[in-house]
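As a plain string of letters, each chain reads:
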Amino acid sequence: MAYVPTIRGRRLARELRQAREGLGLTGELAAQRLGWNQAKISRIETAKMRATVGEVMELCEAYKIAGSRREELITLAREAKKQGWWHSYLSVLKSGFGDYLEFESEADQYRSHDVHLIPGLFQTEAYARAVFRTSTALTTPEEIDRAVEARLARQKRLTSSERPLRVSQIIEEGALRRVIGTYRTMREQLRHLIELAQLPNVEVQIASYRSTNHVAFDGPFTLLHFADYPDVLYVEHFMGCQYYEKPEETAHGSVVLERLRRSALNPSDSIALIRQVIEEMPDEPEGRPGDDGFPA
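Remember, predicted model here, so these are calculated numbers, not experimental data.

Basis of the calculations
Residues numbered from 1 in each chain as written. Predicted model: local features only at pLDDT ≥ 70, side-chain atom pairs only at ≥ 80, totals over all residues. Heavy atoms only, no water. Helix = DSSP H or I, 4+ residues; strand = E, 2+ residues; numbered from the N terminus. Expected span 1.5 Å × (residues − 1). Buried < 20%, exposed > 50% of the residue type's maximum accessible area, 1.4 Å probe, protein only. Arc of directions from axis to C-beta. Contact = heavy atoms within 4.5 Å. Phe/Tyr/Trp six-rings, centres within 6.5 Å; stacked < 30°, edge-to-face > 60°. Lys NZ or Arg CZ within 6 Å of the ring centre and 35° of its normal. Pairing = 2+ DSSP bridges.

J.: So what's going on with helix H11 (residues 247-263)? Residues and values would help.
T.: In this model H11 runs 24 Å from its N-terminal to its C-terminal C-alpha over 17 residues, within 8% of the 24 Å that 1.5 Å per residue would give. Residues of H11 that are buried include every one of Thr250, Gly253, Val256, Leu257 and Leu260, and no others. Burial along H11 is one-sided: seen end-on, the buried residues are contained in an arc of 120°. Opposite the buried face of H11, at more than 90 degrees from it, the exposed residues are Pro247, Glu248, His252 and Arg262. Contacts made by the buried residues of H11 are with strand S1 (109-114), strand S2 (166-172), strand S4 (221-225), strand S5 (232-237) and strand S6 (240-244).

J.: Break down the packing of aromatic side chains for me, citing the residues and quoting the values.
T.: Summed over all chains, the structure comprises ten aromatic pairs. Ring centres of Trp85 and Tyr89 lie 6.0 Å apart, and the angle between their planes is 70°; on these two criteria the pair is classed as edge-to-face. Accessibility expressed as a relative area gives 12% for Tyr89, which makes it buried. For the ring pair Phe226 and Tyr229, a centre distance of 5.7 Å and an interplane angle of 85° mean the geometry is edge-to-face. The residues Phe226 and Tyr229 share a single accessibility class, namely buried. Here the aromatic cluster, defined as three or more aromatic residues joined through ring pairs, consists of Phe97, Tyr100, Phe103, Phe226, Tyr229, Tyr234 and Tyr243. Taking NZ or CZ as reference, Lys40 lies 4.1 Å from the ring centre of Trp36, over its face.

J.: Outline the pairing of S5, listing residues and values.
T.: Where S4 lies against S5, four bridges are found, and the strand directions are antiparallel. Along S5, the bridge assignment pairs Leu224 with Val232. Hairpin connection from S4 to S5: six residues lie between these consecutive antiparallel strands. Where S5 and S6 come together, five bridges link them in antiparallel fashion. Counted as the bridge partner of His237 is Gly240 from S6.

Set out below in structure tokens:
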């Protein structure tokens, strides 16, 4: 299985590269000091292979890193091999989404815009199940069950007492009005969205139909902020997802999010609109099978 770096592994790679460059060493010179192949230095620094604790100790010796700094890097090496909770769900996740969950699990702040659906962080079990039943990748009830489990497990950081994720979410009004499953499913979903929007670490804003700011209608995207790692911009699309980490790329994402935030309804007016959408929903037509509008 190909090595998939954790966020700690990525941090370690970045710190080791910066330590080498800080000494004015090229990759070739560093490799000569260590008696390694230069390609090994490159693979470690680009997080294409995991550096063992022993290798990190050797690198610290070569780069004259000592004391608490050395211990910090050794700790990162030990923790880099730990797998997150989502690894057992990789078979039912969209290609590349496991990497996203790795980032999200370590992020301090999440800022996002969604166009078509209520975002996964806010979905109820019934809503998520209705979404996954439309997937062409999930073909069995067992796969759908696993995908729903993963989605609900992901949401635990919203209400975590230890390190709750700070969330700023912008949702297009169309996502509130698009019926996923049944009207009952939608009412429950929108009520759940209101509850989460009242958490102290969560801000929800609705971009109403009246908004004239159409700078991000191409699809959903998320900007993740970290205490000790550069921002990561995540963009989802039909075939999978992409990640952007260059400062100019994440800065552009931040500018777009700020423009969207200013043009969206404020949080209290957003909740009022969600309540209005609930009230405007017609009575449930009971003609379709299944609680979520799809065949059982």
